[in-house]
Amino acid sequence: MMDLHCHLDLYKEPEKIISRAKDKGLYVLSITTTPSAWKGTCALTRNIPRFKTALGLHPQLAHKRKHELPLFDEYFDEAKYIGEIGLDGSKEYKAYMPEQLEVFKHILKKCASKPTKILSVHSRSAEKLVLDQIEDAGNIGKIILHWYTGSKSQLERAKNLGLWFSIGPAMTLSKNGQKIISYLPKDKILLETDGPFAKVNNKQLEPVDVDIVVTYLASEWQTSSEKVLNILSQNLKNLVQI
Ligand code: MN
C-alpha cells in the first residue's frame, strides 16, 4: 500500500515512523515544505527503495520562503516528485496570495520545462485558482490533488483535466470528505495521511494508518479490502509509469 503525502521530516521520531512503514512494505512519498529541507529529508530514507522524497515550497510558507526559489531550481533536476506546492485561500493565508501565486507560477513554469514529474498539490479554499494555474501552465507532468475539500463543480473540472486525488483517513471521517470520495473516479484514487499535520482522535497520523482508508473504501464500494488494494496498486502503477 502507499502513503503519497506525509511529512516524514516533521515527526518527532521519524526513524520509528519510517521503520513501521517499511515493515509493512508501504510506498511512501515524503513531502517537503521548503527547498532547504530537501537534502535532510532525502537523507532520512536514502537507502529505502520504496521511499521517495518530493521537493516543495508550501503555499502557507510562500511569503516567508520565496527567497528559496533559486534553491528550488537548483534541486529541480534531481527531484522526480514535486510537492508540497499549490495555493491556500483560507483566512490566515489569503493576504499572501500574491506571494503564493508568484511561487506557484514559478514552480509550474519550471515543471512545464520538464514535464516528467509527479506533483502533489494543495488547493484549500483556492480550488478554482489552482485549476486556473494548472490549465494555463499546459503540460506540467502528473498532478495529484492532495486532500481536496472544494466544490463539486471544481472537482468535475479537475476530473476533466485528468488529475489524480490522494485521500486520507481524516477525509473518510467527515461528511464533506465522504461526499467528495463518492464523486471520485476509482481509477484516479491514491492514498495519503498528511501526517503529522493530520490527526484522527487526537493522534498524529502516520503512513501505516492508510489502512483506515482501505477499510472505508471497501465498505463504500461494497467490495473486499483485497479488491480495493488491487485497484489502488494498479492506480499507483499507472501513476508512476511514464
Ligand atoms: Mn501536507
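Data block above holds the structure.
Reference entry: report on the structure contained in this document.

**Concerning the coordination of the manganese ion**
Ligation of the manganese ion by protein atoms is provided by His5 (NE2), His7 (NE2), Glu84 (OE) and Asp194 (OD), these donors lying 2.2 to 2.3 Å from the ion. For the manganese ion, the single-chain donor residues occur in sequence as H-x1-H-x76-E-x109-D. Placement of His5 in strand 1 (residues 2-6) and of Asp194 in the loop between strand 8 (189-191) and strand 9 (199-200) is noted, with a sequence separation of 189 residues between them. There is no split in this pair, since His5 and Asp194 are both buried.

**Focus: the sheet that holds strand 7 (residues 164-167)**
One open sheet holds the 8 strands; their spatial order is 1-2-3-4-5-6-7-8, and the pairing between them is parallel. Both edges of this open sheet fall to strand 1 and strand 8, since each of them pairs with a single strand only. Each strand axis lies, on average, 25° off the axis of its neighbour in the sheet, ignoring direction. Across the sheet, helix 11 (residues 225-240) touches strand 1, strand 2 (27-31), strand 4 (81-86), strand 5 (118-122), strand 6 (142-146), strand 7 and strand 8, and the angle it forms with strand 8 is around 100°.

**A word on the pattern of salt bridges**
Once their charged atoms are close, side chains differing in charge can pair, the charge on each being opposite to the other. A complete count under the given rule lists 12 salt bridges for this structure. The partner of Lys16 in a salt bridge is Glu13, and the shortest N-O contact between them spans 3.3 Å. With its nearest N and O atoms 2.8 Å apart, the salt bridge here joins Glu206 to Arg20. Remark: Arg20 occurs in helix 1 (residues 14-23) and Glu206 occurs in the loop between strand 10 (203-204) and helix 10 (211-220); sequence separation between them is 186 residues. In this structure Arg20 comes out as partly exposed when scored by relative accessible area, which is 39%. Via salt bridges that share partners, Lys128, Asp132, Glu135 and Arg157 belong to a single interconnected network.

**Structural notes on the packing of aromatic side chains**
The full count for this structure, using the stated rule, is 2 aromatic pairs. Seen from their ring centres, Phe72 and Phe76 are 6.1 Å apart, and the 40° between their planes marks the pair as tilted. Of this pair, Phe72 and Phe76 both sit in helix 4 (residues 69-76), 4 residues apart, which is roughly one turn of that helix. According to the relative accessible area criterion, Phe72 is buried, its value standing at 0%. Its guanidinium or amino end placed over the ring of Phe76, Lys117 lies 4.2 Å from that ring's centre, counting from NZ or CZ. Looking at Lys152, its charged tip hangs above the ring of Tyr183, at a distance of 4.3 Å from the centre.

**So, the side chain of His146**
Along the chain, His146 falls in strand 6. Of the residues examined, His146 reaches a relative accessible area of 4% and is grouped as buried. Polar contacts involving the side chain of His146 include one to the side chain of His5, which spans 3.5 Å. In this view, His146 contacts His5, Glu84, Ser120, Val121, His122, Ser166, Glu192 and Asp194; residues no more than four positions away in its chain are not counted.

**Quick word on the pairing of strand 1**
In regular strands, side chains alternate between the two faces of the sheet. Summarising burial for strand 1: 5 of the 5 residues are buried, a large majority. Pairing of strand 1 with strand 2 involves 3 bridges; the strand directions are parallel. In the strand pairing of strand 2, Cys6 is matched with Ser30. Read as a crossover between parallel neighbours, the route from strand 1 over helix 1 to strand 2 is right-handed.

**Focus on helix 7 (residues 152-160)**
Looking at helix 7, one finds that the buried residues are Gln154, Leu155, Arg157 and Ala158. Looking straight down helix 7, one finds that the buried residues subtend no more than 155° of arc, so they occupy a single side. Opposite the buried face of helix 7, at more than 90 degrees from it, the exposed residues are Ser153 and Asn160. Buried residues in helix 7 make contact with helix 6 (127-137), strand 6, strand 7 and helix 9 (175-183).

Rules behind the numbers
Residues numbered from 1 in each chain as written. Predicted model: local features only at pLDDT ≥ 70, side-chain atom pairs only at ≥ 80, totals over all residues. Heavy atoms only, no water. Donors = N, O, S within 2.8 Å, 3.2 Å for Na, K, Ca; no water. Helix = DSSP H or I, 4+ residues; strand = E, 2+ residues; numbered from the N terminus. Buried < 20%, exposed > 50% of the residue type's maximum accessible area, 1.4 Å probe, protein only. Pairing = 2+ DSSP bridges. Axes fitted to C-alpha atoms, helices over the stretch in contact; angles between N-to-C directions. Contact = heavy atoms within 4.5 Å. Salt bridge = Lys/Arg side-chain N within 4 Å of Asp/Glu carboxyl O. Phe/Tyr/Trp six-rings, centres within 6.5 Å; stacked < 30°, edge-to-face > 60°. Lys NZ or Arg CZ within 6 Å of the ring centre and 35° of its normal. Polar contact = N/O pair within 3.5 Å; in protein donor to acceptor, adjacent residues only side chain to side chain. Right-handed = clockwise from strand over helix to strand, strands pointing away. Arc of directions from axis to C-beta.

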